[in-house]
Amino acid sequence: MSEKRPIPTGVIAPSLLSADFARLEQQVTLVMDAGARVMHVDVMDGHFVPPITIGALIVDALRDLVHDRGGILDCHLMVERPERHVDAFVKAGADVITVHPEATPHIHYALKTIRDAGVNAGVVINPGTPVEVVEPVSDLIDLCLVMSVNPGWGGQRYIPSSTGRIARLRGLIPDEVVLEVDGGMSLETIDEVRDAGVDVFVAGSSVFGADDPAVAFAALSALATRAND
């Protein structure tokens, strides 16, 4: 069983989806040296969402780089039947594994499988999914990820109705469950989601799409940490 690493809060989680894969090690090192402690890994299978991205091999390749700097690997599985892939990601070094209720007929089993493996389990809520679906599995999760864009593509604009959904979720889930948001995070949107109760802010193009990802990360982090003031 893997050692369960705590999930930092009040932090920006740079998303590898927007990184330059020709310089992946360099880019991860850059943001981690700037203070990043959660690296977000978007896994897509071409079925649950149209694109195909990366898998457990990349997680394994980054494991020592991230863990040696005190960080964690936050793996968002946008794949059909995610329970079939939990073991591979746990072995690769994932610290958080999040799954979609729409992707499996057995969401309770999938989350229990993640928890039983000794890593943090998370459930993901799409923009069109009622937030109430979290309630039956709230005792099995360490994290709840709210998609504030439709899953599958980086660089989308924040869906304004997400703010109210985030606030409702914060009231539905236990206080100890980390609330994460992914989609359209920028200097213009972080304040409202932070004030709605978000703990972890996934940021892709606003970090790795910037001329200097380290500077962009620091600017976003200054807003995220106000949640803990």
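Just so it is clear, the structure is predicted and the values come from calculations on it, not from any experiment.

## Observations regarding the packing of helix 1 (residues 24-33) against helix 8 (residues 213-224)
Here comes step 1: Remark: helix 1 packs on helix 8, axes separated minimally by 9 Å, with the N-to-C direction vectors making an angle of 40 degrees. When the axes of helix 1 and helix 8 are compared, the pair comes out oblique. Every pair of crossing elements has a handedness; the one defined by helix 1 and helix 8 is right-handed. Taking contact as the criterion, the partners of Q27, L30 and V31 in helix 1 are, on helix 8, P213, A214 and F217.
Here comes step 2: In terms of residue class, the contact of helix 1 with helix 8 is built from five nonpolar, one polar and no charged.

## Remarks on the pairing of strand 5 (residues 120-125)
Here comes step 1: Of all six residues making up strand 5, six are buried, and the element is well covered by its neighbours.
Here comes step 2: The two faces of strand 5 match: N120, G122 and V124 on one face and A121, V123 and I125 on the other face are all buried.
Here comes step 3: Here strand 5 pairs with strand 6 (residues 143-147) via four bridges, running parallel. From the neighbouring strand, V124 faces strand 6, where its bridge partner is L145.

## Here we look at the packing of helix 1 against helix 2 (residues 56-67)
Here comes step 1: Relative orientation of the contacting elements helix 1 and helix 2 amounts to 40 degrees, with a least axis distance of 11 Å. Taken together, the axes of helix 1 and helix 2 lie oblique to each other. Crossing geometry of helix 1 relative to helix 2 is assigned as right-handed. Between helix 1 and helix 2, the contacting residues are L24, E25, V28, T29 and M32 on the first element and I58, L62, L65 and V66 on the second.

## Some words on the nonpolar core
Generally speaking, a soluble globular protein has its nonpolar side chains buried in company with each other.
Here comes step 1: With 64 residues, the main nonpolar core has M39, I97 and C144 as its most contacted residues.
Here comes step 2: For I97, the contacting residues outside a window of four places in its chain are C75, L77, V86, F89, V90, I114, V119, N120, A121 and G122.
Here comes step 3: A13, V124, L145 and M147 belong to the second largest nonpolar core, which has 14 residues in total.

## Section: the sheet that holds strand 7 (residues 178-182)
Here comes step 1: If you walk across this open sheet you meet the eight strands as 1-8-7-6-5-4-3-2, and the pairing is parallel. Both edges of this open sheet fall to strand 1 (11-14) and strand 2 (38-44), since each of them pairs with a single strand only. On average, each strand axis in the sheet is inclined to that of its neighbour by 25 degrees, with strand direction left out of account.
Here comes step 2: As defined by bridge partners, strand 6 adjoins strand 7 across five bridges and the pair is classed as parallel. By the bridge assignment for strand 7, C144 is matched with L179.
Here comes step 3: Across the sheet, helix 8 is in contact with strand 1 and strand 8 (200-203); its angle to strand 1 comes to roughly 140 degrees.

## Side note on the side chain of T189
Here comes step 1: Residue position: T189 is located in the loop between strand 7 and helix 6 (190-195).
Here comes step 2: The class of T189 is buried, set by a relative accessible area of 11%.

## A closer look at the environment of V90
Here comes step 1: Summarising the element assignment, V90 is placed in helix 3 (residues 86-92).
Here comes step 2: In this structure, the C-alpha to C-alpha distance between V90 and A56, residues 34 residues apart in sequence, is 8.7 Å.

## Side note on helix 8
Here comes step 1: The terminal C-alpha atoms of helix 8, which comprises twelve residues, lie 16 Å apart, in line with the 16 Å expected from a rise of 1.5 Å per residue.
Here comes step 2: For helix 8, the set of buried residues is P213, A214, A216, F217, L220, S221, L223 and A224.
Here comes step 3: On its buried face, helix 8 sits against strand 1, helix 1, helix 6, strand 8 and helix 7 (205-208).

## Comments concerning the pairing of strand 8
Here comes step 1: Residues V200 and V202 line one face of strand 8 and the alternating positions F201 and A203 line the opposite face, and both faces are buried.
Here comes step 2: Pairing analysis gives four bridges linking strand 1 to strand 8, with the strands arranged parallel. Of the residues in strand 8, the one forming a bridge with V11 is V200.
Here comes step 3: Bridge analysis of strand 7 against strand 8 gives three bridges, and the strand direction is parallel.

Calculation rules
Residues numbered from 1 in each chain as written. Predicted model: local features only at pLDDT ≥ 70, side-chain atom pairs only at ≥ 80, totals over all residues. Heavy atoms only, no water. Axes fitted to C-alpha atoms, helices over the stretch in contact; angles between N-to-C directions. Helix = DSSP H or I, 4+ residues; strand = E, 2+ residues; numbered from the N terminus. Parallel < 35°, antiparallel > 145°, perpendicular 65-115°, else oblique. Left-handed = near helix turned anticlockwise from the far one by under 90°. Contact = heavy atoms within 4.5 Å. Nonpolar A, V, L, I, M, F, W, Y, C, P; charged D, E, K, R; others polar. Buried < 20%, exposed > 50% of the residue type's maximum accessible area, 1.4 Å probe, protein only. Pairing = 2+ DSSP bridges. Core = buried A, V, L, I, M, F, W, Y, C linked by side-chain atoms within 4.5 Å. Expected span 1.5 Å × (residues − 1).

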